[in-house]
Amino acid sequence: MLLRDKLSLVQVFRMTWKLDITMIIFCTLAYYADTYWLREHISIPLSITAVLGTALAFFIGFNNNQAYDRWWEGRKIWGSLVNDSRTWARDLMAFVGEDDGVGQGYTLARRMVFRHLAFVYALKSSLRKDGDTYYQGYLNPDEVEAVAASKNAPNAILQLQANDLRTLRELGAVDGFLFRDLNSRLTAFTDQLGMCERIRNTIFPPSYLFFTRVFIWFYVMMTTFSLTENIGGWAVLFGWAVGFVFHVTHQNGLSIMDPLDTNPMSLPLNSISRTIEINLLEMLGHSPLPSPVEPVGRLYIL
C-alpha cells in the first residue's frame, strides 16, 4: 500500500516510460500510414473518434470500478480480522481467569491466543503463496505436524482452536454464553478465510482485460489518423497524450485488481498481521514486542 497521496514526476516516468516509447512509435507509424497511404482512400472524421472515446471511457470505468470493489472488499475483511482478533484475545484473557479454580483453563486460553497469531500469519502466507512458515513459531511440534499434513493450513488451525474451545467448556472454564460467543468468533474467522480465498482464487475475466487493451490501441490509432489530416505531424504528440490518459487510467485499475498480492498497491498484509501480533502479545503481557513492519523505500508498505 502506498504511503503518499502524491507521485513525483520521476515516479510517473519510471512507471510509464516503456508505455510512452511504445505509444510514440505506434503513433508515428499511424501518422506515416495515413500520410502516405490511407489519406488517398478515405478521410476519417473526428466525430468517429469522439464516439469511440466515450464508449471506451465507460468500458474502462467499469473495469476500474470492479477492480476497486475487489480491493475495498479485501480491506474490509482484514479490518474485521483485526477487530475480531482483539476481541478473541480479550474474551479469553478476561473471562478465563488465573484464579478460576480450573488448573489448566488459563494456560489453555493463552495457548489459544498464541495459536490465533499462527492463524493470521498462515492466512497471510496462504493468500500470498510465499511459502512463509513464520506461523509455525506459534504452534507446538504436534500442531506443526498436524497443520503441515493439511491442504489448508489456516483452516487446520481453526480446527485446533475449536478442539481447545470444547476442552475449555468440558473443564468448566467457560460457561454456555461465553462458549457461544467464542464459537461465533471462530465462525467469523472461518468466514474471513473463505472471503479472502474467494478474492484470491477468482480471477478477473481475461476477456475484459484483453479487449480493453485492444480497444485503447485502436482508439489511439484512429485518433492519430483523424488528427493527421488537420494538424500534420503534431498528431503524433496528441495521439500519445490521448493514449497516455486512457492507458494510465486502465493501469490504475489493474494495479489494485489483486489486492492480496505483493505489489505496492496491494493491501499491506504484512503490516496488518504485525499489528495484530503486537496487540495480542501486549494483551498477554509478552515482552519484548516485535517492531512494526518498515516501509519499502519510504514509499509503500507490504
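Above this note sits the structure.
Below, the structure is looked at part by part. Not measured: the values here are computed from a predicted model. (Residues numbered from 1 in each chain as written. Predicted model: local features only at pLDDT ≥ 70, side-chain atom pairs only at ≥ 80, totals over all residues. Heavy atoms only, no water.)

1. Overview of the nonpolar core
Then step 1. Counting 56 residues, the largest nonpolar core has W78, L92 and Y135 as its most contacted members.
Then step 2. Elements supplying a minimum of two residues to this core: α2 (46-95), α3 (105-128), α5 (153-171), α6 (176-201) and α9 (269-283).
Then step 3. At 13 residues, α3 tops the list of elements feeding residues into this core.
Then step 4. Contact partners of W78, with chain neighbours within four places excluded, come to V120, L123, K124, L127, C196, L260, L269, I272 and S273.
Then step 5. Counting residues in hydrophobic clusters, the runner-up holds 9 residues, among them C27, Y31, V236 and F246. (Core = buried A, V, L, I, M, F, W, Y, C linked by side-chain atoms within 4.5 Å. Buried < 20%, exposed > 50% of the residue type's maximum accessible area, 1.4 Å probe, protein only. Helix = DSSP H or I, 4+ residues; strand = E, 2+ residues; numbered from the N terminus. Contact = heavy atoms within 4.5 Å.)

2. Considering the pattern of salt bridges
Then step 1. Summed over all chains, the structure comprises 9 salt bridges.
Then step 2. Among the salt bridges present, the one from R115 reaches E143, with a minimum N-O distance of 2.5 Å. Note that R115 is positioned in helix α3 and E143 in helix α4 (residues 141-148), a separation of 28 residues in sequence.
Then step 3. Residue classification places R115 among the buried positions, given a relative accessible area of 1%.
Then step 4. Two residues, D132 and K124, come together in a salt bridge whose shortest N-O distance is 3.2 Å.
Then step 5. Classification of D132 as partly exposed rests on a relative accessible area of 26%.
Then step 6. Here the residues in one salt-bridge network are R111, R115, E143 and D164, joined through shared partners. (Salt bridge = Lys/Arg side-chain N within 4 Å of Asp/Glu carboxyl O.)

3. Concerning the packing of aromatic side chains
Two aromatic rings are characterised by how far apart their centres lie and by the angle between their planes.
Then step 1. As enumerated under the stated definition, the model contains 18 aromatic pairs in all.
Then step 2. Relative to F211, the ring of F210 has its centre 5.2 Å away and its plane inclined at 75°; by these criteria the two rings are edge-to-face.
Then step 3. Exposure remark for F211: the relative accessible area of 40% places this residue in the partly exposed category.
Then step 4. Every member of this aromatic cluster is reached through a ring pair, and the members are F59, F62, F204, Y208, F210, F211 and F215. (Phe/Tyr/Trp six-rings, centres within 6.5 Å; stacked < 30°, edge-to-face > 60°.)

4. Describing the environment of G253
Then step 1. Within the secondary structure layout, G253 lies in helix α8 (residues 234-255).
Then step 2. Residue G253 is classed as buried on the basis of its relative accessible area, which comes to 3%.
Then step 3. Between the C-alpha atom of G253 and that of F62, which follows or precedes it by 191 residues, the distance is 9.6 Å.
Then step 4. G253 has contacts with N64 and A67, leaving out every residue within four places of it along the chain.

5. Here we look at α6
Then step 1. With 26 residues, α6 extends 37 Å from end C-alpha to end C-alpha; this agrees with the ideal 38 Å at 1.5 Å per step.
Then step 2. Looking at the packing, one finds that the buried side of α6 touches α2, α3 and α5.
Then step 3. The N-cap of α6, judged by a side-chain oxygen 3.2 Å from the amide nitrogen of F177 a few residues on, is D175. (Expected span 1.5 Å × (residues − 1). Polar contact = N/O pair within 3.5 Å; in protein donor to acceptor, adjacent residues only side chain to side chain.)

6. Structural notes on the packing of helix α1 (residues 9-36) against helix α7 (residues 206-231)
Then step 1. At a closest axis distance of 9 Å, the pairing of α1 and α7 adopts a crossing angle of 45°. The orientation of α1 relative to α7 falls into the category oblique. In the packing of α1 onto α7, the handedness of the crossing is right-handed. Each of L19, T22, M23, F26, C27, A30, Y31, A33, D34 and T35 in α1 lies in contact with α7, whose residues at this interface are W217, V220, M221, T224, F225, T228 and E229.
Then step 2. Of the residues contributing to the contact of α1 with α7, the split by class is 11 nonpolar, 4 polar and 2 charged. (Axes fitted to C-alpha atoms, helices over the stretch in contact; angles between N-to-C directions. Parallel < 35°, antiparallel > 145°, perpendicular 65-115°, else oblique. Left-handed = near helix turned anticlockwise from the far one by under 90°. Nonpolar A, V, L, I, M, F, W, Y, C, P; charged D, E, K, R; others polar.)

In short, geometric facts, not functional conclusions.
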